[in-house]
Amino acid sequence: MTELVVLSGKGGTGKTSVTAGLVHLAAAGSPPLQLTAVDADVDAANLALLLDPETEAETEFISGKVAHLDPDLCSGHRNCLQACRFDAVIDRGAGAAPLIDELACEGCAACVYACPEGAIAMQPELTGYLRQSRTAWGPLYHAALLPGGENSGKLVMAVRQMAREAAGQAGSELIVTDGPPGIGCPVVSAITGADAALIVTEPGLAGAHDLERIVQTVQHFGLPVTICLNKADLLPDGVAEVERFAHGAGISIAGVIPWDEEVLESVVARRPVTTRPDSPAARALADLWARLRDDFLP
Amino acid sequence: MRIAVASGKGGTGKTTLATSLAIALAREVADPGERILLRDCDVETPNAHLYLEPRFDVRIEVGPPVPAVDEELCTLCGRCAEVCEFNAISVLDDQVLLFSDLCRGCGLCSTICPVAAISEVPRILGIIEAGPTPFGPRLARGVLHTGEALAVPVIRGLKQWDAWSPGSGEDTLPDPPRPDHIVIDCPPGTTCPVVESMRGAEAVLLVTEPTPFGLHDLELITEVVRFLHLPAAVVVNRDGTGFDDLDAFCDRAGLPIVLRIPFSRAIAEGTARGRPLIEIEPGLADELAALPERFAALGREGGS
């Protein structure tokens, strides 16, 4: 079983559209692959919007703790104000019980130990949901973090672990994981233990800048990596620029997808663009998938 | 006014909007380098500098304080490991193991240690940079080092610094000049880095696009904005897909749409090359410069 994570650094380069296309091509190709899809972009999970899933099971994700202050036990010493380094304790004046700002609370419990009255306790928080769904192209594991939630990295780990266990039992050959943007905590959680990474980038200064940062991050964790250039003809020198970078970094370019308005149309229609097989983007995705399967994936 | 520019979904045009908003505001004042600041809080993938071409005159390393254990004093009692909520300390029979990458810098271990064996040392996670730009606004940004996971301490460091102080820094600075407007370029998503970036803002400009992705992520970020009790307004970027559900949602949610930017390949090409939107579409300048007043009016209506 191989897990391919699709990443981008910069948001909006087309990660989710590429992932949905790969899922469709791999599962509906000949020979079809036993495939499991994962949406690890738990902040803004959009893969489900293209795969039309039917949710079979949902479980609560309880992670991390938040301080709760019992005003009846508080006698207004306000030691908690001093103890908190995250501005999560709101002063309401001498003698009054402070308020805890749950969004700002880091969950460190410094206030708990500072309180002489034992008025503060740490309580586990519901931070999101894990979902197991069925799609026309195999199972989908996805998650939704409650807005403003902490621990997105842990939820990413949880959804991937759930998918890997189920994929192992079902004899899935491939897991395709739609990763989060950026290079920080959720990205680190999405690539830890995965087998290979596909980075979707786009021409231009911002795309190039963020490509470099995500490549460094993925290489820091030792994953084999390849690049897909999306919206490739947006700039005339777009392909040459990425080729230059890839050559310098010793990375292959597995796919080049042209600017194609059918991608946007298929997103609005909530279908993978590969369900319009004659569109320029779908043809390019078919080439990308063939190259990933034959030359890149372990 | 402190205006945060945010969007649940990445790539909707946050940085494009934020940089042009800052430039539009800068054109209204005589000394924009003092009075208009763009704060790039997308420390994982900062891009505002690509449009504003700053000359950085401030560069500071930032990171949370992490524990350092004095082995002479330590009695291996294990109290620090017991209280740490993040499993960043482990006490074995003969030594203390520190896992600094898990540490959030709360300081509880050093406070709780009965023999005062734990001191705190900074762990550098990234840098803060700031400087003037030829477009007028000053730019301040944080940059998370690649391979590091924790963006929030870098954002926090950026907010504390705000970079109004060319030179050495530290605590000896005179009162920094307070800018009239701070435009905050937020990271994508809806979780802790976004909340940290928005906290302290007075209004939020939500940038979205008329697709099911744009709408879904707008719904999520709107909930975050509601938690923080901030007045918000929407910019519809790449308008003209024929997806009407977005307008219907904004209507229901009471989110005014203050700007619509049509889909145009010229804008996509120009911004990819690093040209500020306001130079590609000069007609947007007045509407952008009027945004603080529109938010002030919204705040008065909403009473929040």
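Look a little higher up for the structure.
Analysis parameters
- Residues numbered from 1 in each chain as written.
- Chains lettered and ligands numbered in written order.
- Predicted model: local features only at pLDDT ≥ 70, side-chain atom pairs only at ≥ 80, totals over all residues.
- Heavy atoms only, no water.
- Helix = DSSP H or I, 4+ residues; strand = E, 2+ residues; numbered from the N terminus.
- Buried < 20%, exposed > 50% of the residue type's maximum accessible area, 1.4 Å probe, protein only.
- Areas by Shrake-Rupley, 256 points an atom, 1.4 Å probe, with all protein chains shown as cover.
- Lys, Arg positive; Asp, Glu negative; His and termini not counted.
- Charge placed at Lys NZ, Arg CZ, Asp CG, Glu CD.
- Pairing = 2+ DSSP bridges.
- Right-handed = clockwise from strand over helix to strand, strands pointing away.
- Core = buried A, V, L, I, M, F, W, Y, C linked by side-chain atoms within 4.5 Å.
- Contact = heavy atoms within 4.5 Å.
- Axes fitted to C-alpha atoms, helices over the stretch in contact; angles between N-to-C directions.
- Buried area = accessible area lost by both parts, 1.4 Å probe.
- Salt bridge = Lys/Arg side-chain N within 4 Å of Asp/Glu carboxyl O.
- Polar contact = N/O pair within 3.5 Å; in protein donor to acceptor, adjacent residues only side chain to side chain.
- Nonpolar A, V, L, I, M, F, W, Y, C, P; charged D, E, K, R; others polar.
- Phe/Tyr/Trp six-rings, centres within 6.5 Å; stacked < 30°, edge-to-face > 60°.
- Lys NZ or Arg CZ within 6 Å of the ring centre and 35° of its normal.
- Parallel < 35°, antiparallel > 145°, perpendicular 65-115°, else oblique.
- Left-handed = near helix turned anticlockwise from the far one by under 90°.
- Expected span 1.5 Å × (residues − 1).

This part covers the overall build of chain B. Along its length, chain B carries 13 helices and 13 strands. Across its three principal axes, chain B shows a C-alpha extent of roughly 70 × 40 × 40 Å. Scored against the burial criterion, the 304 residues of chain B give a buried share of 61%. Entry remark: accessible area of chain B is about 12,300 Å², with carbon and sulfur atoms responsible for 48%. In chain B, the 26 positive side-chain charges and the 44 negative ones have mean positions that sit 5 Å from each other.

This brings us to the pairing of strand β11 (residues 203–208) of chain B. Residue and element names in this part refer to chain B. Of all 6 residues in β11, 6 are buried; the element is thus mostly enclosed. As paired elements, strand β1 (residues 2–6) and β11 share 4 bridges and run parallel to each other. The residue bridging A4 from the neighbouring strand is V204, located in β11. Bridge analysis of β11 against strand β12 (residues 232–239) gives 5 bridges, and the strand direction is parallel. Note on β12: the bridge partner recorded for V204 is A232. Running through helix α8 (residues 212–227), the crossover from β11 to the neighbouring parallel element β12 is right-handed.

Below, the discussion takes up the nonpolar core. The biggest cluster of nonpolar side chains holds 80 residues, and the ones touching the most others in it are L7(A), V218(A), M198(B), V204(B), L206(B), L218(B) and L255(B). The biggest single contributor to this core is helix α5 (residues 152–170) of chain A, with 6 residues. The contacts of V218(A), once residues within four sequence positions are left out, are L7(A), I191(A), A197(A), I199(A), L223(A) and V225(A). Counting 37 residues, the second largest nonpolar core, distinct from the first, contains L4(A), L47(A), A196(A) and L285(A).

With that settled, consider the sheet that holds β12(B). Residue and element names in this part refer to chain B. Spatially, 9 strands are ordered β3-β8-β9-β2-β10-β1-β11-β12-β13 in an open sheet, and the strand pairing comes out mixed. The sheet terminates laterally at β3 (58–62) and β13 (257–262), the two strands that pair on one side only. Between one strand axis and the next, the sheet turns by 15° as a mean value, whatever way the strands run.

The next point concerns the environment of E196(B). All names here are of chain B. Relative to the assigned elements, E196 resides in helix α7 (residues 192–198). Each C-alpha atom, one on E196 and one on I36, is 21 Å from the other, the two residues being 160 residues apart in sequence. Among all residues touching E196, those that are not within four sequence positions of it are V152, I155, R156 and K159.

Residue and element names in this part refer to chain A. Strand order across the open sheet formed by 9 strands is β3-β6-β7-β2-β8-β1-β9-β10-β11, with mixed pairing between neighbours. Whereas interior strands pair on both sides, the edge strands pair on one side only; in this sheet they are β3 (54–69) and β11 (252–256). Each neighbouring strand pair of the sheet contributes to a mean axis angle of 20°, computed without reference to strand direction. Alignment of strand β2 (residues 35–39) against strand β7 (residues 138–145), held across 2 bridges, turns out to be parallel. Pairing of A37 across the sheet is with L140, part of β7.

A common measure of how large an interface is: the accessible area buried when the components associate. Listed per partner, the contact involves 60 residues of chain A and 58 residues of chain B. Interface of chain A and chain B: buried area, both sides summed, is about 4,900 Å²; carbon and sulfur atoms make up 61% of it. Viewed at the interface, chain B and chain A are joined by 5 salt bridges. E85(B) is the partner of K65(A) in a salt bridge, and the nearest nitrogen-oxygen pair spans 3.7 Å. Taken together, chain A and chain B are joined by 25 residue pairs in polar contact (both at pLDDT 80 or more). Counting only elements with at least two residues in the side of chain A that touches chain B, the list comes to α1 (15–28), α2 (47–51), α4 (110–114), α6 (185–191), α7 (205–220) and α9 (261–268) of chain A. The element contributing the most residues to the side of chain A that touches chain B is α7(A), with 8 residues. Residue composition of the side of chain A that touches chain B, grouped by class: 29 nonpolar, 18 polar and 13 charged.

Take the pattern of salt bridges next. Any two side chains of opposite charge can pair, so long as their charged atoms come close to each other. All names here are of chain B. Using the criterion set out here, one finds 31 salt bridges over all chains in the structure. Ionic pairing is found between R79 and E82, a salt bridge with its closest N-O pair at 2.5 Å. Taken together, the residues R79 and E82, both in helix α4 (residues 79–83) and 3 residues apart, mark about one turn of the helix. Judged by relative accessible area, which is 56%, E82 ranks as exposed.

Residues and elements named next belong to chain A. The omega torsion across S30 and P31 is -5°, close enough to zero to call that bond cis. Note that P31 resides in the loop between α1 and β2. The phi dihedral of A109 falls on the positive side, at around 75°, and the residue is not glycine. Of note, the phi angle at R270 is positive, near 60°, even though the residue is not glycine. Along the chain, R270 turns up in the loop between α9 and α10 (280–296).

Tallying each qualifying case throughout the model produces 1 aromatic pair over all chains. Over the ring of W259(A) we find R265(B); its NZ or CZ atom is 5.4 Å from the centre of that ring.

The next thing to look at is the packing of α7(A) against helix α8 (residues 238–249) of chain A. Residues and elements named next belong to chain A. One way to put it is that α7 packs onto α8 with a least axis distance of 12 Å and a crossing angle of 25°. On the basis of the axis angle, α7 is roughly parallel to α8. The handedness of the crossing between α7 and α8 comes out as right-handed. Counted together, L211, E212, V215 and Q219 of α7 and V242, F245 and A249 of α8 form the full contact between these two elements.

Time to look at α7(A). Residues and elements named next belong to chain A. When the terminal C-alpha atoms of α7 are compared, their 23 Å separation across 16 residues agrees well with the 22 Å that a helix rising 1.5 Å per residue should span. Considered for burial, the residues of α7 that qualify are A206, G207, D210, L211, R213, I214, V215, T217 and V218. Once α7 ends, the next one or two residues include G222, with phi positive near 75°.

Before going further, it helps to spend a moment on the packing of α8(B) against helix α9 (residues 245–253) of chain B. All names here are of chain B. At a closest axis distance of 10 Å, the pairing of α8 and α9 adopts a crossing angle of 15°. The orientation of α8 with respect to α9, classified from their angle, is roughly parallel. Regarding α8 and α9, the two cross each other, and that crossing is right-handed. Taken together, the residues of α9 that come into contact with α8 (itself represented by L215, L218, E219, T222 and R226) are D245, L246, F249, C250 and A253.

Attention now moves to the side chain of N237(B). Residue and element names in this part refer to chain B. Considering the arrangement of structural elements, one finds N237 in strand β12. Separated by 2.7 Å, the side chain of N237 and the backbone oxygen of T12 make a polar contact. When sequence neighbours within four positions are dropped, the list of residues in contact with N237 reads T12, G13, V207, T208, E209, P210 and I261.

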